[in-house]
Structures are given as C-alpha cells and as structure tokens.
Amino acid sequence: NPFPDGMESIRLPVIDLAPWLEGDVSDDGDVHRKAREAVVEQVKNACEETGFMALTNLPKELRTAIAKAAVASREYFKNVHQNRIEPEAQSEGRSANQPKAYGYFPMKSEALGYKADVGKKPDLREAFSMGPLDVSERYGAYLRDSEMFQFFYQETPWPSGMEEFRETLSEFYRLSSALGQVLLRVMAAALGLPESHFQKPSANGEHCNSTRAILYPKLNKPAVSGQSRCGAHSDTGALTLLWSDTPGLELQSRDSRWLSVQNLLKKEGSEAADTNTLIVNIGHLLQKISQGKWRSTPHRVPAPGIHDNVINQDRIVLVNFIMLAPDFVIDPTTGMTQGEYAFSHFNRKGRNVKKQDQTNEGKQHFNLRRGDSKEEKIKQQQTNQCGPEMTNNKNNNQNLAGRLEHEKHDDTQVCRLLCSSCVCL
C-alpha cells in the first residue's frame, strides 16, 4: 500500500476515450465501432460500480492547458498571500443579497459536506471559481427575471494584473468542457439513450459549467477534530472532471469505507505530476436519469497528519463541474431542472452557509419565469430540449410544494423513506 499507516486505497478503472476522439465511426468501419462499444461498456461498469473513473491519453492541447493552469494557479495564490494583488475585481451587477458564485473564496470561508459547520470547522482550502464564457441568446428573458439564471451566469471577477492566470484557467475550462461533452455522448450510449441526448444542453452558451482552481495548503499544525480540507459530499451536476498534483482525494465504498485514490500518486521516479490523467465522477443528474443504477459517490479530502509526507503538501486542484443547461429537465414527474436542483443545494450547503439567512434563499426562486404554472413550466422546458424518453410521465400531478418539502431534508435516508421519487439523492 503506497499510503501511510495502512490507509485503505483504490485504483480507479482507467479509460481511454481515444476511439471517441478520432472522428466519426463511419470513417473507420467495424474495428472503430467495436472500440467505441468497448469504451461504452467500460464507462457503464465504472458508473455502476464506483461512480468514479480515471481518463487517460488526454488530448495534447488539454494536457498543455492543465500544466499551464496549474503553474499560473500556484502563482496566483502566492501573489494573494503576499498581498501583491487584489484576489478578485470588484463585482459589478451582483446585488448584495445575491449569493456569490464566482471569484475568490478565502481560506476557511467555506464548509462543504453533509454536516458542514463553517463557523466551527471550516474547510482548510481556498479557491478561485470561474463561470461560463458564453451565454445563449435564448436565455435573455431568464437573465432579466430569474435569480437562478442570474446566479449561474454571473460575470467572473477576474483579478487585475493576472492575465496569464485568466487565460490558462479559461483554456482549461474550454478544453475540459469539450472533453466532458464527448464523455456525455458515451454516457448517453451507456444509458441506452441517443448519443446526442445531452449534446444541446452541454453546448457552449447552453451549459453552466464552473471551474475552480483550489489550493489545499500544507498543514503546519493538526486540524481540529472532524475538520477537513473538503468535507464529504456528492456532486449535484452531471459530471466532475478533476486534476490534482498531489493525492488526497478519498471516495466512499458501498460498505461505507473511505478509500484513497491511487491514480493521483506520482509515477515512480517522477517528481512531476501526471497531466495525462483526469479523475471523473458522476453527479446526481446521471444517478437520477439512470434511476439509481449509477452511483453519485460521496467523496472528501480529509485533513492529513502533519507528518504525512505523501499527502501533507501544498495541493493544487483544477476541477470542472459539468452542469447542463439550467432548464434541462432531470425529473419529468415534477419538472425539476438541473439549475433548480443545483441552486437549491448550493444555497443549503457548501459555499454560502456562513450566514444562516443565506441557506434558504434558493427556495423561493424555483420558477424560471415568475407566475408560470407547473404545467406551463414543464411544457416550456420540454419544448426547449427534453427528448421523448424523458417525458413519458409529464402528466403526473405531484405538486411542487411537496417536492420542495422533500428538499428540506438533510438526511438522505430519511428523505428516501418519505418519498420514493425524491430528488435528494
């Protein structure tokens, strides 16, 4: 075991997407088609068994972007610590009451997890987040009237004087988003859906992906009991693509054991981090669409011991949270959309829990257009991009109020007992 103190670990299945990155299958005949089918089967197995996988043989442009963004991110945090720069620009257009989506999040300003307590046990990390680079013209009315859309499409307050940081992180965002769209084609095939099922809601301008550069600093004194670098949680979106220069990520097995991910270890004899591997995990959206057959697996980054030379290092992480269009319907029985679900969780847990009065702000903003009835809302969303395989139960009359009541439960097990169709996965 490469980890200290007998820590249990896991090596994630390694998947090469090359057959899906080399042009249309019709150009290459049966051999290429079989190679693609093999990838689909590998992805399906990984999603059913662990909900995690490691992508390898990444496109050269993406590997270069990872290397450059990692260096620029480390320089950014160094400049912040030395007070050489303002960590973010002054936000323009965001009201004082609107939760912050992007920009700089200082050390100990967040607490993520099922039992997060930012006041007593804040996460030991700092981060810079960026949002979408493009916005679809069809979102015009929503951006005027919907707090949810305004939240996801806030402008990123980039720091001045850090052009390389902005350019390299944006390039990582662009290229990893493109890779995520390819992976969603594979996953659609693995779910028995048309390959194109997720393509429109994951296209540039439609999606609301967000990328973070995160620094987990080396600890010079022990953490408070129960404190983490990042608390245990599962993700609310479609996919998460993560790169790190140091191990530390753990996932929870089906029998509730925490296992360190071996794939993040540096190769033997190498001091450089591997830029040819991305860790991928699926979020609640794909667990919901698969009707629970796929796992949105809990994961965390625990605080290391101060003498742990393998994990207790300054750790840089680049992560892209792949989020489909905010109005993409994930539960046709209720009309619940990707944006509504993620927004409600964002406000209940995670970055905005420091002020108690912020935790329920998202509850009142579920209608894409104020005054829409549930039936009008579902009809409008289905017209936008919901395929026929997602609308079989569109006449179900389960009311919105009941769904929101289920959203109040923090305990997943209690929630599942109360509602078999609950979206609090």
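Coordinates for the structure precede this section.
Residues numbered from 1 in each chain as written. Predicted model: local features only at pLDDT ≥ 70, side-chain atom pairs only at ≥ 80, totals over all residues. Heavy atoms only, no water.

Engineer: When you look at the overall build of the protein chain in this model, what are you seeing that I'm missing?
Structural biologist: Per the secondary structure count, the protein chain includes 11 helices and 15 strands. Within the protein chain, the proportion of its 425 residues that are buried is 56%. The long-range share in the protein chain, meaning contacts at least 24 apart out of those at least 6 apart in sequence, stands at 77%. With the model as given, the accessible surface of the protein chain reaches about 19100 Å², and the carbon-plus-sulfur share is 46%. (Helix = DSSP H or I, 4+ residues; strand = E, 2+ residues; numbered from the N terminus. Buried < 20%, exposed > 50% of the residue type's maximum accessible area, 1.4 Å probe, protein only. Contact = heavy atoms within 4.5 Å. Areas by Shrake-Rupley, 256 points an atom, 1.4 Å probe, with all protein chains shown as cover.)

Engineer: Where do I start with the sheet that holds strand E5 (residues 126-130) in this structure?
Structural biologist: Either a parallel or an antiparallel arrangement is found when strands of a sheet pair, and the pairing is made through backbone hydrogen bonds. On the basis of which strands lie adjacent, the open sheet formed by eight strands has the order E2-E3-E11-E8-E13-E6-E5-E4 and mixed pairing. Where the open sheet ends on each side, the last strands, each with one partner, are strand E2 (14-16) and strand E4 (103-105). Shown here is a sheet whose adjacent strand axes are inclined to one another by a mean of 25 degrees, direction ignored. Set on the sheet, helix H6 (residues 163-190) makes contact with strand E3 (52-56), E5, strand E6 (210-216), strand E8 (239-244), strand E11 (277-282) and strand E13 (315-322); between it and E13 the angle comes to about 50 degrees. (Pairing = 2+ DSSP bridges. Axes fitted to C-alpha atoms, helices over the stretch in contact; angles between N-to-C directions.)

Engineer: Would you mind going over the pattern of salt bridges with me for this structure?
Structural biologist: Counting across every chain of the model gives 12 salt bridges. Between Arg138 and Glu206 there is a salt bridge, with its nearest N and O atoms 2.8 Å apart. Placement of the pair is Arg138 in the loop between E5 and helix H4 (140-145) and Glu206 in the loop between H6 and E6, with a sequence separation of 68 residues. For Arg138, a relative accessible area of 27% translates into the label partly exposed. For Arg185, the salt bridge identified is with Glu195, shortest N-O distance 3.1 Å. Note that Arg185 is positioned in helix H6 and Glu195 in the loop between H6 and E6, a separation of 10 residues in sequence. One salt-bridge network, held together by shared partners, links Glu8, Asp255 and Arg257. (Salt bridge = Lys/Arg side-chain N within 4 Å of Asp/Glu carboxyl O.)

Engineer: Would you explain the sheet that holds strand E10 (residues 258-261) in this entry?
Structural biologist: Read across the open sheet, the five strands follow the order E1-E10-E9-E12-E7; overall the sheet is mixed. If you trace the sheet from one side to the other, it starts and ends with strand E1 (9-10) and strand E7 (228-233), each paired once.

Engineer: Help me out: how do you make sense of the nonpolar core in this one?
Structural biologist: Within soluble globular proteins, side chains that are nonpolar tend to cluster in buried spots. Met187, Phe198 and Leu239 are the most contacted members of the largest nonpolar core, which has 62 residues in total. Element by element, the count of residues in this core is highest for H6, at 13 residues. Leaving out residues up to four positions away in the same chain, Leu239 has contacts with Gly180, Leu183, Leu184, Met187, Val280, Asn281, Ile282, Gly283, Leu286, Asn320, Phe321 and Ile322. In this structure, Ile10, Cys230, Leu242 and Val317 belong to the second largest nonpolar core, which totals 18 residues. (Core = buried A, V, L, I, M, F, W, Y, C linked by side-chain atoms within 4.5 Å.)

Engineer: Is there a simple way to think about the side chain of Arg212 in this case?
Structural biologist: As for its placement among the helices and strands, Arg212 is situated in strand E6. Of note is the side chain of Arg212, whose polar atom sits 3.1 Å from the side chain of Glu110. Of note is the side chain of Arg212, whose polar atom sits 2.5 Å from the side chain of Ser129. (Polar contact = N/O pair within 3.5 Å; in protein donor to acceptor, adjacent residues only side chain to side chain.)

Engineer: Would you mind going over H6 with me for this structure?
Structural biologist: Note that an α-helix has 3.6 residues per turn; residues three or four places apart therefore point the same way. Across its 28 residues, H6 extends 40 Å between first and last C-alpha, which sits within 8% of the 40 Å expected from 1.5 Å per residue. Remark: Gly192 follows H6 within two positions and exhibits a positive phi of approximately 80 degrees. (Expected span 1.5 Å × (residues − 1).)

Engineer: Can you help me understand the pairing of E6 in this one?
Structural biologist: Two faces make up the sheet, and in a regular strand the side chains alternate between them. Along E6, seven of the seven residues are buried, which leaves the element largely enclosed by surrounding structure. On E6, burial covers both faces: Ser210, Arg212, Ile214 and Tyr216 on one face and Thr211, Ala213 and Leu215 on the other are all buried. Sheet topology places E5 next to E6; five bridges connect them, and they run antiparallel. The partner of Met130 across the bridge, within E6, is Thr211.

Engineer: Can you help me understand the environment of Ala342 in this one?
Structural biologist: Within the secondary structure, Ala342 sits in helix H8 (residues 338-348). Sequence-wise, Ala342 and Asp235 are 107 residues apart; in three dimensions their C-alpha atoms are separated by 8.9 Å. Excluding its chain neighbours within four sequence positions, the residues that come into contact with Ala342 are Phe152, Thr236 and Met323.

Engineer: Got a minute to help me understand the packing of aromatic side chains in this structure?
Structural biologist: The final tally for this structure, using the stated rule, is 16 aromatic pairs. Measuring from ring centre to ring centre gives 5.4 Å for Tyr139 and Tyr153, while their planes differ by 45 degrees; the resulting arrangement is tilted. Highlighted residues: Tyr139 in the loop between E5 and H4 and Tyr153 in the loop between helix H5 (147-152) and H6, separated in sequence by 14 residues. For Tyr153, a relative accessible area of 10% corresponds to the buried category. Each ring, one from Phe198 and one from Phe328, has its centre 6.1 Å from the other, and the planes form 55 degrees; the classification is tilted. Here Phe198, found in the loop between H6 and E6, pairs with Phe328, found in the loop between E13 and strand E14 (329-331); they are 130 residues apart in sequence, far enough to count as distant. These aromatic residues form a ring-pair network of at least three members: Tyr76, Phe77, Tyr104, Phe128, Trp158 and Phe165. Here the basic side chain of Arg36 rests over the ring of Trp20, its NZ or CZ set 4.6 Å away from the ring centre. The lysine or arginine in question, Arg212, covers the ring of Phe105, its NZ or CZ lying 4.9 Å from the ring centre. (Phe/Tyr/Trp six-rings, centres within 6.5 Å; stacked < 30°, edge-to-face > 60°. Lys NZ or Arg CZ within 6 Å of the ring centre and 35° of its normal.)

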